Amino acid sequence: KTKIINILNKNIQSIIDAKFSLAPLKDFAAIYIYMTSNEEMVKSHDPSFDGLSSGQYMGNFPRVVHINERNWVTPPICWRKKDESIESKKYKRRYREYVILHEVIHTFGLEHPKFIKKDPTVKCPVIYPQTKCWKLKRCKANHRMDSYTKKQIKIMWDKETRSLLLKFIKESDLNQQLV
């Protein structure tokens, strides 16, 4: 759990000026992260989610991330480097860092990029879907924050905080009028 928090703080904290932390189960959290079996992913979403995780943005809090437990335990083979075994900790760490970042970034409202230029020598943006190995024919697997995704997060976060601030101001005005 603390590794997940560290990944998020290392990669996202400086972009949105917010700190991630673990909340006790009884407390409200802005984002809930669940380990979900592959079978449950397919059942609760649809068959196209076989082998996938999900991060959901619905405009309100809390937001929900479901990490596919099967891939967390044994990441997709395309994340292994040629000289790494299936038990390699580095291979697992890279995929886990990618999937946590990718799905939490979805909770900010970011969608997958519509177009990625085909160049297998260039790293994919972290918001590009990289769990299905055939997608990695367009670009190289990437588990690190990139400039494209940083820029998109900043745009979405600015819109989100402006919207939340306006909502708060309107509710404050309404409360003052009622007094």
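The preceding data block contains the structure.
### Some remarks on the sheet that holds strand S1 (residues 31-36)
Phase 1 of the analysis: Read from one edge to the other, the open sheet built from three strands follows the order S1-S3-S2, with strand pairing classed as mixed. With partners counted over all chains shown, the strands left at the sheet margins are S1 and strand S2 (54-56), one partner each. Direction aside, neighbouring strands of the sheet carry axes that sit 10° apart on average.
Phase 2 of the analysis: Pairing geometry for S2 and strand S3 (residues 63-68), over three bridges, is antiparallel. From the neighbouring strand, Gln-56 faces S3, where its bridge partner is Val-64.
Phase 3 of the analysis: Running over the sheet, helix H4 (residues 89-106) touches S1, S2 and S3 and is turned about 155° from S3.

### Focus: the nonpolar core
Phase 1 of the analysis: Core analysis: the biggest nonpolar cluster contains 32 residues, and Leu-8, Ile-12, Leu-101, Ile-105, Phe-108, Met-145 and Ile-153 have the highest contact counts within it.
Phase 2 of the analysis: Every element with two or more residues in this core is listed here: helix H1 (2-16), S3, H4 and helix H5 (147-178).
Phase 3 of the analysis: Of all the elements, H4 adds the most residues to this core, at eight residues.
Phase 4 of the analysis: If near-sequence neighbours (up to four positions away) are discounted, Ile-105 is found in contact with Ile-12, Leu-110, Val-126, Ile-127, Met-145, Thr-149 and Ile-153.

### Examining the layout of surface pockets
Phase 1 of the analysis: Reported here for the largest pocket is a volume of approximately 810 Å³.
Phase 2 of the analysis: Looking at the largest pocket, it is lined by 27 residues, and the ones nearest its centre are Ser-21, Leu-22, Ile-31, Tyr-32 and Ile-33.
Phase 3 of the analysis: Secondary structure elements with two or more residues in the lining of the largest pocket: H1 and S1.
Phase 4 of the analysis: Take the lining of the largest pocket: its biggest share by element is five residues, from S1.

### Description of a positive patch on the surface
Phase 1 of the analysis: Together, Lys-81, Lys-90, Lys-123 and Lys-140 make up a region of like positive charge exposed at the surface.
Phase 2 of the analysis: Here Lys-140 lies in the loop between H4 and H5.

### With respect to the environment of Val-99
Phase 1 of the analysis: For Val-99, the location among the structural elements is in helix H4.
Phase 2 of the analysis: Measuring from C-alpha to C-alpha, the distance between Val-99 and Asn-68 comes to 9.2 Å, with 31 residues separating the pair along the chain.

### Points about the pairing of S3
Phase 1 of the analysis: Extensive coverage of S3 is indicated by the burial of six of its six residues.
Phase 2 of the analysis: Residue alternation in S3 divides its side chains into two sets, Arg-63, Val-65 and Ile-67 and Val-64, His-66 and Asn-68, and both sets are buried.
Phase 3 of the analysis: Strand direction decides the pairing type here: S1 and S3, joined by six bridges, are parallel. Its bridge partner being in S3, Ile-33 is matched across the sheet by Val-65.
Phase 4 of the analysis: If you look at the hairpin formed by S2 and S3, you'll find six residues sitting between the two strands, and Gly-59 has a positive phi there, around 85°.

Thresholds, definitions, all that
- Residues numbered from 1 in each chain as written.
- Predicted model: local features only at pLDDT ≥ 70, side-chain atom pairs only at ≥ 80, totals over all residues.
- Heavy atoms only, no water.
- Pairing = 2+ DSSP bridges.
- Helix = DSSP H or I, 4+ residues; strand = E, 2+ residues; numbered from the N terminus.
- Axes fitted to C-alpha atoms, helices over the stretch in contact; angles between N-to-C directions.
- Contact = heavy atoms within 4.5 Å.
- Core = buried A, V, L, I, M, F, W, Y, C linked by side-chain atoms within 4.5 Å.
- Buried < 20%, exposed > 50% of the residue type's maximum accessible area, 1.4 Å probe, protein only.
- 1 Å grid on protein atoms, 1.4 Å probe; cavity = no way out; pocket = protein on both sides within 12 Å on 5 of 7 lines; lining within 4 Å.
- Points joined across faces, edges and corners; volume = space filled by probe spheres on them.
- Patch = residues over 30% accessible without salt bridge, like charges linked within 9 Å, V, L, I, M, F, W, Y side chains within 5 Å.
- Areas by Shrake-Rupley, 256 points an atom, 1.4 Å probe, with all protein chains shown as cover.
- Salt bridge = Lys/Arg side-chain N within 4 Å of Asp/Glu carboxyl O.
- Lys, Arg positive; Asp, Glu negative; His and termini not counted.
- Charge placed at Lys NZ, Arg CZ, Asp CG, Glu CD.

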